[in-house]
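Summary of the model geometry
The lines below spell out each chain.
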Amino acid sequence: MAHEYPYLAFAFACERVLQEQDGVLSAIRIVDGLLIRKNEAKPAADASGVQGITFLIGLKSGNYKGTGKLRLTGHAPSGKALTPEQTGIDIELKGGHHGANLIINAGLPFSEEGVYWFDVCFDDRVLTRMPVSVSVFETPSTTSQPVLSKPVARRSRRKD
């Protein structure tokens, strides 16, 4: 019996993906959580709250031969969809050990604290769900009251 859809080899979020000239991929800083600074001088997110994140997804054909659509849909902790319904990316698979690797660079509005879920779908089938936990924390403001510090005197301990 032929498998009706490809196998999922991997799916995760990371900071970036390097692709060497020979096609080999390296995922840099694989994450399942983000810390977003609220009052940072150089914020992790831009003024609209958009945070950059990269998803790396690998499919293997198995017995599947043909073209299908891969979709990545995200949901905020409140259940709200992050992006409007997309048509997806056409993937052609030829069966056997062949496959496809997809690098999806996304700018997403992480405006809520909690766990965001990202569904990896092939045609109408959910292959997996990836969680990304978001925590927002405040850093001291640059206009806050100054902190007084005492100079530290160092003594040289010399033995004569």
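Placed above this text is the structure.
What you see is a predicted model; the values in this text were computed from it and never measured. As a convention, each chain's residues are numbered from 1 in the sequence order in which they are written. With the structure being a predicted model, the display of local features is reserved for residues of pLDDT at least 70 and the display and counting of side-chain atom pairs for 80 or more, all residues being used for whole-chain, interface and lining totals. In computing side-chain properties, one takes all heavy atoms of the structure into account and sets aside hydrogens as well as water.

**Some thoughts on the side chain of Thr54**
Definition in use: Comment: elements are numbered from the N terminus, with helices defined as DSSP H or I runs of at least four residues and strands as E runs of at least two. Within 3.5 Å is the distance limit for a polar contact, defined as a pair of N or O atoms, with the added protein rule that one can donate a hydrogen and the other accept it, and that residues adjacent in sequence qualify only through two side-chain atoms. Residues are treated as being in contact if the distance between any of their heavy atoms lies within 4.5 Å.
On the secondary structure map, Thr54 appears in strand S4 (residues 50-75). At a separation of 3.4 Å, a polar atom in the side chain of Thr54 contacts the main-chain carbonyl oxygen of Glu15. In this structure the side chain of Thr54 is engaged in a polar contact, spanning 2.9 Å, whose partner is the side chain of Asn105. Contacts of Thr54, omitting those with residues within four sequence positions, involve Phe12, Ala13, Cys14, Glu15, Arg16, Val17, Ile103, Ile104 and Asn105.

**Notes on the pairing of strand S6 (residues 114-122)**
Heads up, the rule is: For two strands to pair, DSSP has to find at least two bridges joining them.
Here S4 runs beside S6; their pairing, made up of six bridges, is antiparallel. By the bridge assignment, His75 is partnered in S6 with Trp117. As defined by bridge partners, S6 adjoins strand S7 (residues 125-137) across nine bridges and the pair is classed as antiparallel. Note that in S7 the partner of Cys121 across the bridge is Val126.

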